[in-house]
Amino acid sequence: MQPRNSRLNSSALRGAVDLAAVKAAGEAAQKAEQARAERARQAAAAEADGIAPAGVPYPLVIDVTEDTFEAEVVQRSAEVPVVVDFWAEWCGPCKQLSPVLEKLAEEYAGRIVLAKIDVDANQLIAQQFGIQGIPAVMAVVAGQLVPLFQGAEREDNVRKILDQLIAVAEQRFGIVGGTGEGAPVGEYAPAEPEDPALSAAHEALDRGDLGGAVQAYQNVLVEQPGNAEAKLGLAQAQLLHRVESFDPQAVRTAAAADPKDVAAQLDAADLDLVGGHVEDAFGRLVDTVGRTAGEDRDAARVRLLELFEVIGPEDPRVTAARGALARVLF
């Protein structure tokens, strides 16, 4: 999983937690810095030779296949956020959304790259991304998946989502994309300096000091109980800290063997969420609440609410799970 910071409070930029992201954040920032340094070196050399700047060093809109996905999406995402548009020729809403995405990719002038994937011709990729309906739009930043939205959104909404994605890519991973002629016309603006205590908590999370991150976020919340960014960071750090020592096979075996074993179901739900199976995690805990009572029921309910915090209250999966929880409770 990824996220942090108030710019991530939108459900568009919430997704499953990926344990590898903690390590990947630092590695991605280093790779991005190396790429920027190399571009700067090349630009300086070209200027010294009297050659005009080349502008953005990569295409802004590309058609991607299963053969080119690794290079065009995963590897490129170390330098620039890659927005992935899943579409098909027969899809009417896709024909409304794709021109909007292409237009914005050009306007953002290298701050994002748009990768277009025909789901009919690239079914394996669609399956791996869990695409159940199109149009569907996701992003890859530093090799990490960021779900954005599904359906034909209005241009102003798409622009806001891309502004948030750009801010997250820079603040979380140090990735700023190209700087070709023409600035992006979206609403993106550099972030204000972070609170030092909050920055320390983020840094602890980034370097994998999960216990330290939990304590640091808790310290922030003592002083600022309403700090939404710290609440999000704490929920993520606590989740990652819980699963850090899990034996996934043992956890899943125990949960499958005894659906009434509440502790096993809680652990399995954590693994589900960390693995990106958000609806499975929520469904497992709703079912546990429905079949238990007393302290066991309360433990499952509280854990479900904690996982809601990780994903974000506006996410439609959270909304659906809240409704399911209400039905089993009342």
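Conventions adopted
- Going along each chain's sequence as written, the residues are numbered from 1 onward.
- Whole-chain, interface and lining totals are the exception, using all residues; otherwise, since this is a predicted model, local features are given only for residues with pLDDT of at least 70 and side-chain atom pairs are given and counted only at 80 or more.
- Hydrogen atoms and water are omitted, and side-chain values are computed over all heavy atoms in the structure.
- Relative accessibility thresholds used throughout: buried, under 20% of the residue-type maximum; exposed, over 50%; partly exposed, between the two (1.4 Å probe, protein chains only).
- Strands here are runs of E lasting at least two residues and helices are runs of H or I lasting at least four, both read from the DSSP assignment and numbered beginning at the N terminus.
- By this definition, two strands are paired if DSSP reports at least two bridges between them.
- By definition, disulfides here are pairs of cysteine sulfur atoms that lie within 2.5 Å.
- What is meant by a nonpolar core is a set of buried Ala, Val, Leu, Ile, Met, Phe, Trp, Tyr and Cys residues, joined one to another through side-chain atoms within 4.5 Å.
- What counts as a salt bridge is simple: a side-chain nitrogen of Lys or Arg found within 4 Å of a carboxyl oxygen of Asp or Glu.

## Some details on the pairing of strand S4 (residues 136-141)
Now for step 1: The buried fraction of S4 amounts to six of the six residues, a majority that puts the element mostly inside the structure.
Now for step 2: Along S4, one buried face is formed by Ala 136, Met 138 and Val 140 and the opposite face, lined by Val 137, Ala 139 and Val 141, is buried too.
Now for step 3: Here strand S2 (residues 82-87) pairs with S4 via five bridges, running antiparallel. In the sheet register, Asp 85 faces S4, and the bridge partner there is Val 137.
Now for step 4: Here S4 hands over to strand S5 (residues 144-150) after two residues, with Ala 142 in that stretch at a positive phi of 55°.

## Some remarks on the state of the cysteines
Now for step 1: By the definition in use, this model includes one disulfide.
Now for step 2: The disulfide partner of Cys 91 is Cys 94, and the gap between their sulfur atoms is 2.3 Å. Every disulfide takes its handedness from the sign of the S-S torsion; for Cys 91 and Cys 94 that torsion is 80°, giving right-handed. This pair shows no difference in class: Cys 91 is buried, exactly as Cys 94 is.

## Focus on the nonpolar core
Now for step 1: Of all hydrophobic cores here, the largest spans 30 residues; its most connected members are Leu 239, Leu 273, Phe 282, Leu 304, Leu 307 and Ile 311.
Now for step 2: Going through the elements one at a time, helix H8 (228-243), helix H9 (248-257), helix H10 (262-274), helix H11 (278-291), helix H12 (294-311) and helix H13 (316-329) are the ones with two or more residues in this core.
Now for step 3: Top element by residues in this core is H10. It accounts for eight residues.
Now for step 4: Core analysis: the second largest hydrophobic core is formed by 25 residues, Val 73, Val 80, Trp 87 and Ala 136 among them.

## Observations regarding the pattern of salt bridges
Now for step 1: Counted under the stated rule, the structure contains 17 salt bridges.
Now for step 2: Among the salt bridges present, the one from Glu 89 reaches Lys 95, with a minimum N-O distance of 3.9 Å. Here the two residues Glu 89 and Lys 95 agree in accessibility, since each one is exposed.

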